[in-house]
Structure formats: structure tokens, C-alpha cells
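Topology and contacts: notes
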Amino acid sequence: IPGAGSIALGNFELGGHVSAPGSPVTANAMRTAGMNWMKVQIRFTPGDTGQSAAGTISSAQGQGFKVLVGTVGAPQELGAMGGSYIASYADWLGQVAALGPDAIEIWNEPNIDREWPRNQISGTAYTEMLRAGYNTIKSRNPSVIVISGAPAPTGAEAAFPGQVMNDDRWLREVVDAG
């Protein structure tokens, strides 16, 4: 883009969500915009090891970026397996943390049924996952920044019961759960 330049000011750090952290075109565009973080989403599958994230982390950091690994899983498996899924996911997060990413986001939009099991959506349930993941990440690599999954902005709970929880109510449950 002719005339494009950095929009980063002061100590504020800026980044973008990418699908190809090893792409020189992506890296150059991000540098031009003043970005120094890459966010890459990785999907957990039970039985997977943290090594599935190694190439992603290496690619982003190899190009001089800090890396935020956004993590998600399968709502259907979480719904069917419950606590054992959370334990397996938390263990995987610890393995990912040991690879040295700069930050890990635990899940995404856990207040909608596209990302969390239908009829099981609650801030309290998510907090169990967040607590397990946080403790495992910090036990494996205390320097990794842990970020909670952001809820989807919605007010459609009354229209879609069991499929959506309003973000404000979901956040209140997270806070109440500690």
C-alpha cells in the first residue's frame, strides 16, 4: 500500500491473527504496520502432543515476532468427555507452553455453541478449564502470558436458549467462579 506506515504508538504492542506465520509477505506487511505479535490458532485433539504447535511457534518467532497461540478444541468432545477432556487439554497446553510461545489464549468464544457444547454453556464451566490450563501452563513455563478466551458479543440468549449465553451474564459467572 503506497504511503502505508506504522500505526503503533509508544509502548503499545500490536499484532494480527495470521494463518501462515512463515509467510514473508505476511511478516513484511505486519512489520510495515508496526506489528510485533502474531496470533495463530491451533486446534487441540485428545492424544495430541504440544509438538503440533512447534512449527507454528518457530515460524513466527523465527521472523522476529512474539507469538500468541490461540487454542480451541472440539465442543462435541468436550461435551462427551467433560473433566477428562479438560485434563487432557490442560496437559496439552502445558506441552505447548514448554515450547516457549510468548502467550497462550485458552479457548475462544466459550459462550456460543459453535465453540462450547450446546446446553452446557456457562462461565463457571469455562472457569474450570481456565484454571486447569493456567496452572499447567505456569507449571511448565512461568513466563508465558495466559489469556482467557473472549466471549462472543451477544445478547441473543432469549432467542437461542442453550445455544448462546449473553456475554455480560457469562462474564459475571466467570468472575463469580473466581
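Residues numbered from 1 in each chain as written. Predicted model: local features only at pLDDT ≥ 70, side-chain atom pairs only at ≥ 80, totals over all residues. Heavy atoms only, no water.

**Points about the overall build of the protein**
Quick reminder of the rule: Under the scheme used here, helices are H or I runs from DSSP no shorter than 4 residues and strands are E runs no shorter than 2 residues, and both carry numbers assigned from the N terminus. This radius of gyration counts C-alpha atoms alone. The globule rule is 2.2 Å times how many residues there are, raised to the power 0.38. Each residue is assigned to one of three classes by its accessible area relative to the maximum for its type, calculated with a 1.4 Å probe on protein chains only: buried under 20%, partly exposed between the two thresholds, exposed over 50%. Should any heavy atoms of two residues lie within 4.5 Å, those residues are considered in contact. Only the protein chains shown count as cover for residues, and the accessible areas themselves come from Shrake-Rupley with a 1.4 Å probe. Counting rule for charge: Lys and Arg are taken as positive, Asp and Glu as negative, and neither His nor the chain ends is counted. A single reference atom marks each charge: NZ on Lys, CZ on Arg, CG on Asp, CD on Glu.
Helix and strand counts for the protein stand at six helices and five strands. Order of helices (α) and strands (β) in the protein, N terminus to C terminus: β-α-β-α-β-α-α-β-α-β-α. Computed over its C-alpha atoms, the radius of gyration of the protein comes to 17 Å, within 12% of the 16 Å expected for a compact globule of 178 residues. Based on the C-alpha atoms only, the size of the protein along its principal axes is roughly 50 × 35 × 25 Å. Residue burial in the protein is summarised as follows: out of 178 residues, 43% are buried. A separation threshold of at least 6 residues defines the contact pool for the protein, and within that pool the share at least 24 residues apart is 69%. Carbon and sulfur atoms provide 54% of the accessible area of the protein, an area that totals close to 8,700 Å². Computed over 11 positive and 15 negative side-chain charges, the inter-centroid distance for the protein is 4 Å.

**Quick look at the nonpolar core**
Here is the rule we go by: We call a set of buried residues a nonpolar core when its members are Ala, Val, Leu, Ile, Met, Phe, Trp, Tyr or Cys and they connect through side-chain atoms within 4.5 Å of each other.
With 35 residues, the main nonpolar core has Tyr89, Ile106, Trp107, Trp116, Tyr126 and Met129 as its most contacted residues. Broken down by secondary-structure element, the contributors of at least two residues to this core are helix 1 (24-32), strand 2 (37-43), helix 2 (54-62), strand 3 (66-72), helix 4 (83-98), strand 4 (103-106), helix 5 (123-140) and helix 6 (167-176). Tallying contributions element by element places helix 4 first for this core, with seven residues. Once residues lying within four places of it in the same chain are set aside, the contact partners of Trp107 are Thr71, Val72, Gly73, Ala74, Leu78, Tyr85, Tyr89, Glu115, Trp116, Tyr126, Met129 and Gly149.

**Remarks on the packing of aromatic side chains**
Keep this limit in mind: Two rings from Phe, Tyr or Trp (for Trp, the six-membered ring) form a pair when their centres are within 6.5 Å of each other. A pair whose planes differ by under 30 degrees is stacked, one over 60 is edge-to-face, and the rest are tilted.
All chains considered together, the criterion is met by nine aromatic pairs. Residues Phe44 and Tyr89 carry aromatic rings whose centres are separated by 5.5 Å and whose planes lie at 65 degrees to one another, so their mutual orientation is edge-to-face. Pair noted here: Phe44 is in the loop between strand 2 and helix 2 and Tyr89 is in helix 4, with a separation of 45 residues, a long-range link. The burial state of Phe44 is the same as that of Tyr89; both residues are buried. With a centroid separation of 5.8 Å and 75 degrees between ring planes, the pair formed by Trp107 and Trp116 is classed as edge-to-face. By the ring-pair criterion, three or more aromatic residues cluster together here, those being Phe44, Tyr85, Tyr89, Trp92, Trp107, Trp116, Tyr126 and Trp170.

**Let's talk about the side chain of Thr154**
Filter applied, for reference: We define a polar contact as two N or O atoms separated by no more than 3.5 Å, with the added condition that, inside protein, one atom must be a possible hydrogen donor and the other a possible acceptor, whereas residues neighbouring each other in sequence contribute only through side-chain atom pairs.
Within the element layout of this structure, Thr154 appears in the loop between strand 5 (145-148) and helix 6. Accessibility expressed as a relative area gives 18% for Thr154, which makes it buried. A polar contact of 3.1 Å, which involves the side chain of Thr154, links it to the backbone nitrogen of Ala156. Filtering out sequence-adjacent residues up to four positions away, Thr154 remains in contact with Asn111, Val164, Met165, Asn166 and Asp167.

**Let's talk about the sheet that holds strand 1 (residues 15-17)**
Hydrogen bonding along the main chain pairs the strands of a sheet, whether they run parallel or antiparallel. Stated formally: At least two bridges found by DSSP between two strands are what make those strands a pair. A fitted line through C-alpha atoms serves as each axis, taken over the contacting stretch for helices, and the angle formed by two N-to-C directions is quoted from 0 to 180°.
Here five strands make up an open sheet; going across it, the order is 1-2-3-4-5 and the pairing parallel. Edge strands, defined here as strands with exactly one partner in the open sheet, are strand 1 and strand 5. Pairwise comparison of adjacent strand axes, ignoring direction, gives a mean angle of 25 degrees for this sheet. Seen against the sheet, helix 4 touches strand 2, strand 3 and strand 4 and runs at an angle of roughly 165 degrees to strand 4.

**Some points on the packing of helix 5 against helix 6**
Note the cut-off: To sort the angles, those under 35 degrees are grouped as roughly parallel, those over 145 as roughly antiparallel, those from 65 to 115 as roughly perpendicular, and the leftovers as oblique. When the near helix sits turned anticlockwise from the far one by under a right angle, the crossing is termed left-handed; a clockwise turn instead gives a right-handed crossing. Gly counts as polar in this scheme, as do all residues outside two lists: the nonpolar Ala, Val, Leu, Ile, Met, Phe, Trp, Tyr, Cys and Pro, and the charged Asp, Glu, Lys and Arg.
Interaxial distance between helix 5 and helix 6 falls to 7 Å at its minimum, and their mutual angle equals 50 degrees. Relative to helix 6, helix 5 is oriented oblique. Between helix 5 and helix 6 the crossing geometry is right-handed. Listed contacts from helix 6 to Gly123, Thr124, Tyr126 and Thr127 of helix 5 are Trp170, Glu173 and Val174. Broken down by class, the residue content of the contact of helix 5 with helix 6 amounts to three nonpolar, three polar and one charged.

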